[in-house]
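Now for the letters of each chain:
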Amino acid sequence: MNPLELCVLDLTQLLHHEHYDNRRVERLSDDLQKANMLRSPPIVAEWQGKYVILDGATRASALNKLNCPHVVVQIVKQDSQDTILSTWNHIVHTIDLGDLFGAIENIPSGNIKISPARSLEPNISSPETLFTIVDRDKQMYIVQGSEDYSLKHLYLSHAVNAYSRITNVVRTLDSDVQSIQNQVESFTALVKFPAFTMQAVLTSAIAHKLLPAGVTRFLITNRVIGINIPLNILFSNDSLSQKNKWLNQTIKTKYHQNKVRHYTEPVIIVED
């Protein structure tokens, strides 16, 4: 393994931990074909002989759509302090609170109930709790599904998809409703998810129990960005061993050319 923990893997070894947007996959697959280049490798963690995608599900899916056999990934240790798991909050806006509740309670699978919290700090750790909703008046509601924990991923995905279909959802780390209202004039409510453990996310992925997109957030301290991998290398008939040899030599050359820089301070990236 090279110092950047990059390697070439068979795409069939990768597992998703969350659903992905097929429209984004379609757009990215077109862009990949035009550029003939993979930029910034997906991030994966090894678990039970498989590699779970922590970040980069759209990139991996776009390559799969193109029938690309291999992919370059960055492997991180799931128990490392450099890999931090948290959750996004969802800002729901431009719809009435009643429409939000109706979308969630009327999903085809049914059996989801929304009830007002009886205290300012309710216990949301029960297995059936999917998430909480805080409205403009700071009233909190608890959204619960089946008591069968094995179905929690299904209820969670159905519920998130239900409100995502009727309005654009904004991800945020902010949990201050008043602050959000000051920034989002059409604010309806804030959806807050219980914390996930890394082991729970990885184990669910192995069992093909996918979480909804846009809920988990992985902060990778030493994320590798900017490296460009020509698609003709990934599509070639060379073996995995040969492709990894090429990758390791490429990284070694980058080091010798002083083209690998490690930044410890936070940066802001503005995309086109």
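To be clear, the structure that these remarks concern was listed above.
Residues numbered from 1 in each chain as written. Predicted model: local features only at pLDDT ≥ 70, side-chain atom pairs only at ≥ 80, totals over all residues. Heavy atoms only, no water.

## Description of the sheet that holds strand β1 (residues 6-10)
And then number 1: Strand order in this open sheet of five strands is β1-β6-β4-β5-β2, and the pairing throughout is mixed. Each of the sheet's edge strands pairs with one partner strand only, and the pair in question is β1 and β2 (14-16). When strand polarity is set aside, the average angle formed by the axes of neighbouring strands in this sheet is 50 degrees.
And then number 2: Bridge count between β1 and strand β6 (residues 70-76): five bridges; the pairing is antiparallel. Considered in β6, the bridge of Leu6 is made with Gln74. (Pairing = 2+ DSSP bridges. Helix = DSSP H or I, 4+ residues; strand = E, 2+ residues; numbered from the N terminus. Axes fitted to C-alpha atoms, helices over the stretch in contact; angles between N-to-C directions.)

## Quick word on the sheet that holds strand β8 (residues 89-93)
Where strands meet in a sheet, backbone hydrogen bonds hold them as pairs that are either parallel or antiparallel.
And then number 1: Within the open sheet, the six strands sit side by side as β9-β11-β10-β13-β8-β12. Their pairing is antiparallel. Single-partner strands in this sheet number two, and they are β9 (113-116) and β12 (169-172). Averaged over all pairs of adjacent strands, the angle between their axes in this sheet comes to 25 degrees, without regard to strand direction.
And then number 2: In this structure, β9 lies alongside strand β11 (residues 140-144), joined through four bridges in antiparallel fashion.

## A word on the packing of helix α3 (residues 97-105) against helix α4 (residues 152-164)
Each packed pair of helices is defined by two parameters, the angle between the axes and the distance between the axes.
And then number 1: As a packed pair, α3 and α4 sit with axes 8 Å apart at the nearest point and diverge in direction by 140 degrees. The pairing of α3 with α4 is recorded here as oblique in orientation. Taken as a pair, α3 and α4 cross one another with a handedness that is right-handed. Contact with α3, carried on its side by Leu100, Ala103 and Ile104, involves Ala159, Ala162 and Tyr163 of α4 and no other residues of that element.
And then number 2: For the contact of α3 with α4, the class distribution of residues is six nonpolar, no polar and no charged. (Parallel < 35°, antiparallel > 145°, perpendicular 65-115°, else oblique. Left-handed = near helix turned anticlockwise from the far one by under 90°. Contact = heavy atoms within 4.5 Å. Nonpolar A, V, L, I, M, F, W, Y, C, P; charged D, E, K, R; others polar.)

## With respect to unusual backbone geometry
And then number 1: A positive phi is found at Ser40, a non-glycine position, where the angle reads about 60 degrees.
And then number 2: For Ser40, the position within the fold is in the loop between β3 (37-39) and β4 (43-47).
And then number 3: Judged by its relative accessible area of 18%, Ser40 is buried. (Buried < 20%, exposed > 50% of the residue type's maximum accessible area, 1.4 Å probe, protein only.)

## Concerning helix α6 (residues 198-206)
And then number 1: Every buried residue belonging to α6 is among Met198, Val201, Leu202 and Ala205, and all of these are buried. Buried residues of α6, viewed axially, fall in a sector of 95 degrees; they line one side.
And then number 2: Where α6 is buried, its residues contact β2, β4, β5 (50-55), β7 (83-87) and β14 (216-220). (Arc of directions from axis to C-beta.)

## Here we look at the packing of aromatic side chains
And then number 1: Within the structure shown, the criterion is met by three aromatic pairs.
And then number 2: With 4.9 Å between their ring centres and 70 degrees between their planes, Phe101 and Tyr141 make a pair best called edge-to-face. Taken together, the residues Phe101 in helix α3 and Tyr141 in strand β11 connect sequence positions 40 residues apart. One exposure class covers both Phe101 and Tyr141, and it is buried.
And then number 3: Here the aromatic rings of Phe131 and Tyr163 are separated by 6.2 Å at their centres, their planes lie at 90 degrees, and the arrangement is edge-to-face. With Phe131 in strand β10 (residues 129-135) and Tyr163 in helix α4, this residue pair connects regions lying 32 residues apart in the sequence. (Phe/Tyr/Trp six-rings, centres within 6.5 Å; stacked < 30°, edge-to-face > 60°.)

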